[in-house]
Amino acid sequence: MDDSGKQKRLLDGHKERHFTAGEIVRDIIIGVSDGLTVPFALAAGLSGANASSSIILIAGIAEVAAGAISMGLGGYLAAKSEADHYMRELKREQEEIISVPDIEAAEIGEILAQYGLEPNEYAPVVNALRRRPQAWLDFMMKFELGLEKPDPRRAVQSAFTIALAYVLGGLVPLIPYMLLARAAEALIASVVLTLVALLIFGYGKGRFTGNRPLRSALQTALIGALASAAAFAMAKAVQAIP
């Protein structure tokens, strides 16, 4: 069996289990974390102003809708900007390969030298890439500029994911106001429910991002608690003004 056959057999028999959905998880984290915190703080603030459960619920749903649209649009524009930036750099790099090929080839050698390769070792690689313009372009984009080709569906996918995650997170603190007529009782239930949700979300976020799950859970819950406490206290302070 030749070397290529052995290599194929080795690769076929080895399955790596890497987590590759990082962008989706990032969008979910952005959406859920804001969704849990902002409506929670709004509901607490309105409760502090002695608003009724129905008023708090209407305001909360309106905020969730507006927040989901705003967050989704932000995700779309961010992903679209990344794609536009990639295309601009791709065009510029393509022009440089055509206009100054020797300089671009020297840059390949410079990149490979950073990995400890000697000129006699990387020279065949440089020559091979020069014979393959598309591979040369892909190499420069990835290793010189550190840019990965974005998924053309990324912008829409990001917008939808962030918006949906925001809605799901934002409805959690509002559930008690849907079920309880008295705002004071609904506030207590909302605090308990949202803090539990923040702890669970923070723990899961820590597991996915490689941080300590317990610490991530406590930090996430603390941020949500501080935001709602600040909103509640501010509403009380404004109400106390004669």
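All of these numbers come straight from a predicted model, not from anything done at the bench.

(A) Inspection of the environment of Asp-34 at higher detail. Along the polypeptide, Asp-34 turns up in helix α2 (residues 22–48). Sequence-wise, Asp-34 and Gly-170 are 136 residues apart; in three dimensions their C-alpha atoms are separated by 7.8 Å. Apart from the residues within four sequence positions on either side, Asp-34 is in contact with Pro-39, Met-71 and Tyr-166.

(B) Spotlight on the confidence of the model for the protein chain. Confidence in the prediction for the protein chain averages 83 pLDDT; 87% of positions are at 70 or higher. Per-element averaging of pLDDT across the protein chain places helix α1 (residues 3–12) at the bottom with 58 and helix α7 (residues 154–171) at the top with 92.

(C) Representation of the packing of helix α4 (residues 101–113) against helix α6 (residues 133–144) within the structure. Relative to each other, α4 and α6 sit at 50 degrees, their axes nearing to 11 Å. When the interaxial angle is binned, α4 and α6 end up oblique. The element α4 and its partner α6 pack so that their crossing is left-handed. Contacts from Pro-101, Glu-104, Ala-105, Glu-107, Ile-108, Ile-111 and Leu-112 of α4 reach α6 at Trp-136, Phe-139, Met-140, Phe-143 and Glu-144. A per-class count over the contact of α4 with α6 returns 9 nonpolar, no polar and 3 charged.

(D) Structural detail: the nonpolar core. One finds Ile-108, Trp-136, Phe-139 and Met-141 to be the most contacted residues of the largest nonpolar core, which totals 16 residues. Within the residue set of this core, elements represented by two or more residues are α3 (53–99), α4, α5 (119–130) and α6. Among the elements that take part in this core, α6 stands out by supplying 5 residues, more than any other. Beyond its immediate stretch of four places on either side in the chain, Phe-139 contacts Ile-108, Ile-111, Leu-112, Leu-129 and Glu-144. Core analysis: the next-biggest nonpolar cluster, separate from the first, contains 11 residues, Ala-43, Ala-44, Ala-51 and Tyr-177 among them.

What counts, and where the lines are drawn
- Residues numbered from 1 in each chain as written.
- Predicted model: local features only at pLDDT ≥ 70, side-chain atom pairs only at ≥ 80, totals over all residues.
- Heavy atoms only, no water.
- Helix = DSSP H or I, 4+ residues; strand = E, 2+ residues; numbered from the N terminus.
- Contact = heavy atoms within 4.5 Å.
- pLDDT = per-residue confidence, 0-100.
- Axes fitted to C-alpha atoms, helices over the stretch in contact; angles between N-to-C directions.
- Parallel < 35°, antiparallel > 145°, perpendicular 65-115°, else oblique.
- Left-handed = near helix turned anticlockwise from the far one by under 90°.
- Nonpolar A, V, L, I, M, F, W, Y, C, P; charged D, E, K, R; others polar.
- Core = buried A, V, L, I, M, F, W, Y, C linked by side-chain atoms within 4.5 Å.
- Buried < 20%, exposed > 50% of the residue type's maximum accessible area, 1.4 Å probe, protein only.

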